[in-house]
Amino acid sequence: MIKLDRIDLKILDILQRDARSTIKEIAGKLNLSTTPIFERIKRLEKAGVIDRYVAILNPTLLGKKLTAFIHISIKDHTKESVEAFVERVVSFDEVIECHHVSGDSDFLLQVLLEDIEKYNQFVMEKLSVVPNISKLESRFSLSVRKKTNLVYIQTGPAK
């Protein structure tokens, strides 16, 4: 694990909130020159702490109005079968998250689709033909009360 100091954490917080922040803007917020900010960001990228930079899209404005959470139980839990299952389901564009979970099911998928008809089509044409599924149970999001991509980091007292 990489050692992060308070400045590293503040840089990460700024970039999580706006990945388009320039090095000059970050330096200004932290009262530092641009060179150490640039070097720290490069070190954080190289270490993998900063995984990538992305644009967060509004799915509703793109016609994706249905979020479903699908609990899936599988029949065969051998390493090969689990890997084959995962490889197949993560290849579906509709699947935005796939978690191997504890509890009554083995996997939890989050899928994003236009509507219930597209959900039915997804289940019937894609999921139902995936080998090794023994049970599938869905939950639908009625409303979103919190959604963030921010990883909580303690940055210390505010200046």
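Residues numbered from 1 in each chain as written. Predicted model: local features only at pLDDT ≥ 70, side-chain atom pairs only at ≥ 80, totals over all residues. Heavy atoms only, no water.

Looking at an unreviewed UniProt entry, one finds the protein named Lrp/AsnC family transcriptional regulator, with Agaribacillus aureus as its source organism.

Caption draft 1: A look at the sheet that holds strand β4 (residues 133–140). In spatial order, the strands read β2-β3-β1-β4; together these 4 strands make up an open sheet with antiparallel pairing. In this open sheet, the two edge strands, each paired with only one partner strand, are β2 (95–100) and β4. On average, each strand axis in the sheet is tilted by 20° relative to the strand beside it, whichever way the strands run. In this sheet, strand β3 (residues 107–113) lies alongside β2 in antiparallel orientation, the contact comprising 5 bridges. Considered in β3, the bridge of Val-95 is made with Val-111. (Pairing = 2+ DSSP bridges. Helix = DSSP H or I, 4+ residues; strand = E, 2+ residues; numbered from the N terminus. Axes fitted to C-alpha atoms, helices over the stretch in contact; angles between N-to-C directions.)

Caption draft 2: Local environment of the nonpolar core. The biggest cluster of nonpolar side chains holds 20 residues, and the ones touching the most others in it are Ile-70, Ile-72, Phe-85, Leu-109, Val-111, Phe-122 and Leu-127. Secondary-structure elements contributing two or more residues to this core are β1 (66–74), α4 (79–90), β3 and α5 (116–125). At 5 residues, the largest contribution of residues to this core is made by β1. Look past the residues within four positions of Val-111 in its chain and what remains in contact with it is Leu-66, Thr-67, Ala-68, Ile-70, Glu-94, Val-95, Ile-96 and Phe-122. (Core = buried A, V, L, I, M, F, W, Y, C linked by side-chain atoms within 4.5 Å. Buried < 20%, exposed > 50% of the residue type's maximum accessible area, 1.4 Å probe, protein only. Contact = heavy atoms within 4.5 Å.)

Caption draft 3: Seen up close, the UniProt feature "domain: HTH asnC-type" (unreviewed entry) in the protein. According to UniProt, the feature "domain: HTH asnC-type" (unreviewed entry) maps to residues 4–65 in the numbering used here. End C-alpha to end C-alpha, residues 4–65 measures 39 Å, and it is 53% helix and 0% strand. (UniProt positions renumbered as here; feature names shortened; annotations may be inferred.)

Caption draft 4: The arrangement of helix α2 (residues 23–30) in detail. Residues of α2 that are buried include every one of Ile-26, Ala-27 and Leu-30, and no others. Along α2, the residues classed as buried sweep out an arc of 100° about the axis, all on the same side. Those residues of α2 that are exposed and aimed more than 90 degrees away from the buried face are Lys-24 and Lys-29. Contact partners of the buried residues in α2: α1 (6–17) and α3 (34–46). (Arc of directions from axis to C-beta.)

Caption draft 5: Structural view of the packing of aromatic side chains. Under the criterion given, the structure shown has 3 aromatic pairs. Ring geometry for Phe-92 versus Phe-122: centroids 5.8 Å apart, planes at 90°, classification edge-to-face. In this pair, Phe-92 sits in the loop between α4 and β2 while Phe-122 sits in helix α5, placing the two residues 30 residues apart along the sequence. Accessibility classification places Phe-92 together with Phe-122 in one group, the buried group. Between Tyr-119 and Phe-140, the ring centres sit 5.0 Å apart and the planes meet at 85°, which makes this aromatic pair edge-to-face. One end of the pair, Tyr-119, is in helix α5; the other, Phe-140, is in strand β4, and 21 residues separate them in sequence. (Phe/Tyr/Trp six-rings, centres within 6.5 Å; stacked < 30°, edge-to-face > 60°.)

Caption draft 6: Inspection of the side chain of Asp-8 at higher detail. Mapped onto the elements of the fold, Asp-8 is located in helix α1. Asp-8 sits in the buried class, given a relative accessible area of 1%. If near-sequence neighbours (up to four positions away) are discounted, Asp-8 is found in contact with Lys-3, Arg-40, Arg-43 and Leu-44.

Caption draft 7: Fine view of the packing of α1 against α2. Relative orientation of the contacting elements α1 and α2 amounts to 130°, with a least axis distance of 11 Å. With respect to α2, the axis of α1 lies oblique. The handedness of the crossing between α1 and α2 is right-handed. In this structure, α1 contributes Ile-7, Lys-10, Ile-11, Ile-14 and Leu-15 to the contact, and α2 contributes Ile-26, Lys-29 and Leu-30. Looking at the contact of α1 with α2, its residues break down into 6 nonpolar, no polar and 2 charged. (Parallel < 35°, antiparallel > 145°, perpendicular 65-115°, else oblique. Left-handed = near helix turned anticlockwise from the far one by under 90°. Nonpolar A, V, L, I, M, F, W, Y, C, P; charged D, E, K, R; others polar.)

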